[in-house]
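Chain by chain, the residues run as shown.
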Amino acid sequence: MRVHLCVVGRLRAGPERELVDDYLKRFDRTGRALGLGPARIVEVDDRKGGGMAAEADLLRRALPSGARFCILDERGRLMTSPDFAAELGRVRDNGTQDLAFVIGGADGIDPALRAEADMALSFGQMVWPHMLVRVMLAEQLYRAASILSGSPYHRA
């Protein structure tokens, strides 16, 4: 199952980029034998300043055809890492070929796009900068693959 991170904004070189790249590389290596990956990032930019609605249109176009998609939103479902791993495994086992995770811009996800999502995931009730959410998601994808593979990375 291919994994796509469809995100608003460009992540420049720096510590956040290095962390995202490292965790996604680890996810690809660990997930390959499990039928997970590769993971890729699709960055969109609303250069015309059209707000959440314009970002939603760009994000819709970034989604692979037929992909299931999950938005990252503070109103989404709170999950433990083992629950997230199990959900990722279930989605894969149900024959999903493409799973996209959508991270909105500074103002969040357009309500219309939120309503179209197959799932909403939350990293807590606090609002996180969208650039940090990328890092957190990349790490959780790697952690999920590690859990599914029986690796000792996750110690809980």
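The sections below set out a description of the structure shown in this document. (Residues numbered from 1 in each chain as written. Predicted model: local features only at pLDDT ≥ 70, side-chain atom pairs only at ≥ 80, totals over all residues. Heavy atoms only, no water.)

### What to know about the overall build of the chain
Here is the rule we go by: Secondary structure elements follow DSSP: runs of H or I no shorter than four residues count as helices, runs of E no shorter than two count as strands, and numbering proceeds from the N terminus. For the radius of gyration, the atoms used are the C-alpha atoms, and the globule rule reads 2.2 Å times the number of residues raised to 0.38. Only protein chains enter the calculation, and the probe is 1.4 Å; a residue is then buried if its accessible area is under 20% of its type maximum, exposed if over 50%, and partly exposed in between. Residue contacts follow a heavy-atom distance rule, with two residues in contact if any of their heavy atoms lie within 4.5 Å. Residue-level accessible areas treat just the shown protein chains as cover; the underlying method is Shrake-Rupley with a 1.4 Å probe.
In terms of regular secondary structure, the chain is built from five helices and five strands. Secondary structure of the chain in N-to-C order comes out as β-α-β-α-β-α-β-α-β-α. Its C-alpha atoms give the chain a radius of gyration of 15 Å, near enough to 15 Å, the size a compact globule of 156 residues would have. Each principal axis of the C-alpha atoms in the chain carries an extent, and together these give about 45 × 35 × 30 Å. Residues classed as buried in the chain amount to 47% of the 156 residues present. Residue pairs at least 24 apart in sequence account for 83% of intrachain contacts in the chain once pairs closer than 6 positions are excluded. For the chain, the exposed area adds up to about 8100 Å²; of that, 50% sits on carbon and sulfur atoms.

### Digging into the nonpolar core
Where a protein is soluble and globular, its nonpolar side chains tend to be buried together. So the rule is basically this: Residue types Ala, Val, Leu, Ile, Met, Phe, Trp, Tyr and Cys, when buried and joined through side-chain atoms within 4.5 Å, form a set referred to as a nonpolar core.
If you look at the biggest cluster of nonpolar residues, it comprises 31 residues, and the most contacted ones within it are Phe27, Phe84, Leu88, Phe101, Leu137 and Leu141. Looking at this core, the elements that each hand over two or more residues are strand 1 (2-8), helix 1 (15-31), strand 3 (68-78), helix 3 (81-93), strand 4 (98-103), strand 5 (119-122) and helix 5 (130-149). For this core, the element with the most residues is helix 5, which contributes eight residues. With sequence-adjacent residues up to four places away left out, phenylalanine 27 is seen in contact with Val3, Arg32, Leu36, Gly37, Ala39, Leu141, Tyr142 and Ala145. Val42, Ala62, Ala100 and Leu113 belong to the second largest nonpolar core, which has 15 residues in total.

### Side note on the sheet that holds strand 2 (residues 39-44)
We count it as follows: Any two strands with at least two DSSP bridges between them are considered paired. The angle between two axes is taken between their N-to-C directions and runs from 0 to 180 degrees, where each axis is a line fitted to C-alpha atoms and a helix contributes only its stretch in contact.
Pairing is parallel in the open sheet, where five strands are placed in the order 2-1-4-3-5. Two strands in the sheet have a free side with no partner beyond their single neighbour: strand 2 and strand 5. In this sheet, adjacent strand axes meet at a mean angle of 30° when their direction is disregarded. Across the sheet, helix 3 touches strand 3, strand 4 and strand 5, and the angle it forms with strand 4 is around 135°.

### Topic: the pattern of salt bridges
To keep things clear, this is the line we draw: By convention in these notes, a salt bridge is any Lys or Arg side-chain nitrogen within 4 Å of a carboxyl oxygen on Asp or Glu.
Overall, the coordinates contain 14 salt bridges when judged by the stated rule. The shortest N-O distance in the salt bridge between arginine 10 and glutamate 43 comes to 3.8 Å. With arginine 10 in the loop between strand 1 and helix 1 and glutamate 43 in strand 2, the pair connects residues that are 33 residues apart, well separated along the chain. A single salt-bridge network, built from bridges that share partners, covers Arg10, Arg17, Glu43, Asp45 and Arg134.

### Some remarks on the layout of surface pockets
Over the atoms rolls a probe the size of a water molecule, and its path tells where empty space is left. Using the following cut-off: Grid points spaced at 1 Å over the protein atoms alone were grouped into cavities, where a 1.4 Å probe fits but cannot get out, and pockets, open sets with protein on both sides within 12 Å along at least five of seven lines, with lining residues defined by an atom within 4 Å of a point. Grid points are joined across faces, edges and corners, and a volume is the space filled by probe spheres set on the points.
In this structure, the largest pocket occupies an estimated 350 Å³ of space. Forming the boundary of the largest pocket are 24 residues, of which Leu72, Asp73, Glu74, Val127 and Trp128 lie nearest the centre. Of all elements in the fold, only strand 3, helix 4 (111-116), strand 5 and helix 5 reach the threshold of two or more residues within the lining of the largest pocket. Among the elements that line the lining of the largest pocket, the one with the most residues is strand 3, at four residues.

### Observations regarding the pairing of strand 3
Condition: Consider the strands pointing away from the viewer: the crossover is right-handed when the path from the first strand over the helix to the second runs clockwise.
In this structure, strand 3 lies alongside strand 4, joined through four bridges in parallel fashion. Each residue of the ladder has a partner; that of cysteine 70, found in strand 4, is phenylalanine 101. Read as a crossover between parallel neighbours, the route from strand 3 over helix 3 to strand 4 is right-handed.

Geometric descriptors of this kind do not, in isolation, establish any biological role.
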